[in-house]
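# Chains, contacts and geometry: an overview
Chain by chain, the residues run as shown.
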Amino acid sequence: MIKAIVTDIEGTTSSLSFVKDVLFPYARANLADYIHTHEHEPQVKILLDDARREAGMELTIDQLVTQFIQWIDEDKKVTPLKSLQGLIWEAGYQQGDFKGHIYPDAAEYLKAWKAKGLNLYIYSSGSVYAQKLLFAHTDYGDLTPLFSGYFDTHIGGKKDPQSYRNIAGELAVPAEQLLFLSDIKEELDAAREAGFSTCWLIRNGVIDDQAEHQQVSNFEQIKLN
């Protein structure tokens, strides 16, 4: 019996186009100005030092900007980049430049599952900070009270089964009582190897009844037993 649900964001609760066509370009366009304006603030300074360690060399501020943009263009899941993007997006949300996109069915069923007593969690390659920002600024209001916790790449890579074992351990819930939702097969494979139940969101495409994971086109079709 499912006791808790762990969900991905991109392509699952939210459109890929929002992240790729709104959030990523916004962070890329504002990254240089943000770093030059905030480089001496403790939170940003830590991220810049983390980025230097990730790059394996001492980099100037301008070189760091170039490195971050290269990571963005290569779609690298680098933790200091994800954290920095979150800070830039915060400014965008607060200025009303955009709102976090949530599919209507995702908003409806997340609320319904929470009302039934299921604990809900997010696991995304985007930073926990960025996750909270997205769900706090939606057309459905602030959805962050629905979630009992958030996980990002600090817990491990999303295609690594150990990451899901780590999540189950932190939640103190047997893996077989956890359901993981994603649109990426390799993530679902890793979760299943760790003992999770899985559900594959196919937002735009044909459902394959013979697929290795249960496939659905929206949250209404997800079976919890």
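Here's a quick rundown of the structure. In this convention, every chain numbers its residues from 1, walking through the sequence in written order. Local features in this predicted model are restricted to residues of pLDDT 70 or higher, and side-chain atom pairs are both shown and tallied only at a pLDDT of 80 or more, whereas totals for entire chains, interfaces and linings draw on every residue. Side-chain descriptors were evaluated using all non-hydrogen atoms of the structure, hydrogens and water having been removed beforehand.

### Concerning the overall build of the chain
Helix and strand labels come from DSSP, where a helix needs a run of H or I of at least four residues and a strand needs a run of E of at least two; each type is numbered from the N terminus. A count of helices and strands for the chain gives 8 helices and 6 strands. For the chain, the sequential pattern of α-helices and β-strands runs β-α-α-α-α-α-β-α-β-α-β-α-β-β. Radius of gyration: over C-alpha atoms. The globule rule applied is 2.2 Å multiplied by the number of residues raised to the 0.38 power. Radius of gyration (C-alpha) of the chain: 18 Å, near the 17 Å computed for a compact globule of 225 residues. Along the longest, intermediate and shortest principal axes, the C-alpha atoms of the chain span 55 × 35 × 35 Å.

### Section: the pairing of strand S3 (residues 147-151)
Using a 1.4 Å probe on the protein chains alone, a residue whose accessible area is under 20% of its type maximum counts as buried, one over 50% counts as exposed, and one in between counts as partly exposed. Burial within S3 is extensive, with 4 of its 5 residues counted as buried. One ladder, built from 4 bridges, connects strand S2 (residues 119-123) with S3; its direction is parallel. Of the residues in S3, the one forming a bridge with Tyr123 is Phe151. Two strands qualify as a pair provided that DSSP identifies no fewer than 2 bridges between them.

### Remarks on the pairing of strand S5 (residues 197-201)
The buried fraction of S5 amounts to 4 of the 5 residues, a majority that puts the element mostly inside the structure. Bridge analysis of strand S4 (residues 178-182) against S5 gives 4 bridges, and the strand direction is parallel. Paired with Leu179 across the bridge in S5 is Ser197. Pairing between S5 and strand S6 (residues 214-216): 3 bridges, direction parallel. By the bridge assignment, Trp200 is partnered in S6 with Gln215.

### Description of the sheet that holds strand S1 (residues 4-7)
If you trace the 6 strands from one edge of the open sheet to the other, you get S3-S2-S1-S4-S5-S6, paired in parallel fashion. Single-partner strands in this sheet number two, and they are S3 and S6. On average, each strand axis in the sheet is tilted by 25° relative to the strand beside it, whichever way the strands run. Lying over the sheet, helix H7 (residues 161-171) contacts S1, S2, S3 and S4, oriented at roughly 145° with respect to S2. Between the N-to-C directions of two axes lies an angle of 0 to 180 degrees, each axis being a line fitted to C-alpha atoms and, for a helix, fitted only over the stretch in contact. Residues count as neighbours in contact if any of their non-hydrogen atoms are within 4.5 Å of one another.

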